[in-house]
Amino acid sequence: MHSTASPNLHPDETRFVEMVFPEQANHYGTLFGGHALSLMGKAAFVTATRHARQSVVMATSDRIEFHEPVHVGELVELVAQVVRVGRSSMTVAVDMIREDLSSGRRKSAVRGTFEMVAVNEFGRPVPIAQPTMTDPIQREAAS
């Protein structure tokens, strides 16, 4: 899996790109739903951790909608973004976009939201630390 980060991206957004291979597919030759959920969960985890800069765990996944099959040989791009921040939890929306490498055709295939919770070393919920303006990306985004 490849992650891209750029100073021009929103600090609460993460993108992953992955190729779909036969071992990730079901008997129809399309991405196995469990594998799609695993990729989406990873994207939600990374995005929430980058936002909170502390340990997080997944509390729930919600409204996972499978719109399009993703075929073996296609590329998937996962775009995850923090859309809500509470005291100790945050909601991360994840969109999985399928891409046919030959034609360049892209279409949203799977969408879902994940509730992520900041936790301490004992796994108990803790408040999400407020970002400081010491991070150069945050300073640039604020200006």
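For every chain, the first residue of its written sequence is number 1, and the numbers climb from 1 along that sequence. Where totals are concerned, whole chains, interfaces and linings use all residues; where local detail is concerned, this predicted model gives features only for residues with pLDDT of at least 70, and gives and counts side-chain atom pairs only at 80 or more. No hydrogens and no water enter the side-chain calculation; it runs on all heavy atoms of the structure.

Per an unreviewed UniProt entry, the protein chain goes by the name Acyl-CoA hydrolase and belongs to Bradyrhizobium algeriense. Check the Sequence similarities (unreviewed entry) section of the UniProt entry for the protein chain; it says "Belongs to the acyl coenzyme A hydrolase family." UniProt positions are given in the numbering used here, feature names are shortened, and annotations may be inferred rather than shown by experiment.

J.: What is the right way to look at the overall build of the protein chain in this model?
T.: Along its length, the protein chain carries two helices and six strands. Each helix and strand of the protein chain, placed in order from N terminus to C terminus, yields the pattern β-β-α-β-β-β-β-α. Pairs at least 24 residues apart make up 66% of the contacts formed inside the protein chain by residues separated by at least 6 positions. Carbon and sulfur atoms make up 56% of the accessible area of the protein chain, which totals about 8100 Å². A run of DSSP states H or I qualifies as a helix once it reaches four residues; a run of E qualifies as a strand once it reaches two. Both are numbered from the N-terminal end. Throughout, a residue-residue contact means that at least one pair of heavy atoms, one from each residue, lies within 4.5 Å. Only the protein chains shown count as cover for residues, and the accessible areas themselves come from Shrake-Rupley with a 1.4 Å probe.

J.: Which parts of the structure should I look at to understand the pattern of salt bridges?
T.: Pairs can form between side chains of opposite charge once their charged atoms are near each other. One speaks of a salt bridge when a side-chain nitrogen belonging to Lys or Arg is within 4 Å of a carboxyl oxygen belonging to Asp or Glu. In this structure the tally under the stated criterion is ten salt bridges. For Lys107, the salt bridge goes to Glu68, with nearest N and O atoms at 3.2 Å. One end of the pair, Lys107, is in strand β6 (residues 106-118); the other, Glu68, is in the loop between β3 (56-66) and β4 (75-85), with 39 residues separating them in the sequence. The rule is simple: take the accessible area with a 1.4 Å probe, protein chains only, and divide by the maximum for that residue type; under 20% is buried, over 50% is exposed, in between is partly exposed. Residue class for Lys107 comes out partly exposed when judged on its relative accessible area of 38%. Between Arg98 and Glu74 there is a salt bridge; the shortest N-O distance is 2.8 Å. Placement of the pair is Arg98 in strand β5 (residues 89-99) and Glu74 in the loop between β3 and β4, with a sequence separation of 24 residues. Each member of the pair, Arg98 as well as Glu74, carries the same accessibility label: buried. Here the salt bridges do not stand alone but share partners, grouping Glu13, Arg15, Glu77, Glu99 and Arg106 into one network.

J.: Explain helix α1 (residues 33-52) to me, please; I cannot follow it from the model alone.
T.: An α-helix turns once every 3.6 residues. As a result, residues three or four positions apart point the same way. In this model, α1 (20 residues) spans 28 Å end to end at C-alpha, consistent with the 28 Å of a helix rising 1.5 Å per residue. Three or more residues of α1 are buried, namely Ala36, Leu39, Met40, Gly41, Ala43, Ala44, Thr47, Ala48, His51 and Ala52. Each element contacted by the buried residues of α1 is listed here: β2 (13-19), β3, β4, β5 and β6. Two residues or fewer after α1 comes Arg53, characterised by a positive phi angle close to 55 degrees. A helix's residues, less one, multiplied by 1.5 Å, set its expected span.

J.: How do you make sense of the side chain of Glu74 when you look at a structure like this?
T.: By relative accessible area, which is 5% here, Glu74 ends up buried. By the criterion applied in these results, polar contacts are pairs of N or O atoms within 3.5 Å in which, for protein atoms, one can donate a hydrogen and the other can accept it, and in which residues neighboring in sequence qualify only through two side-chain atoms. In terms of polar contacts, Glu74 uses its side chain to reach the side chain of Arg98, at 2.8 Å.

J.: I'm lost on unusual backbone geometry in this one. Help?
T.: In terms of backbone geometry, most residues other than glycine have negative phi values and most peptide bonds are trans. Not every positive phi belongs to a glycine, and Arg53 is a case in point at roughly 55 degrees. With respect to the secondary-structure elements, Arg53 resides in the loop between α1 and β3. Phi is positive for Arg63, close to 50 degrees, though the residue is something other than glycine.

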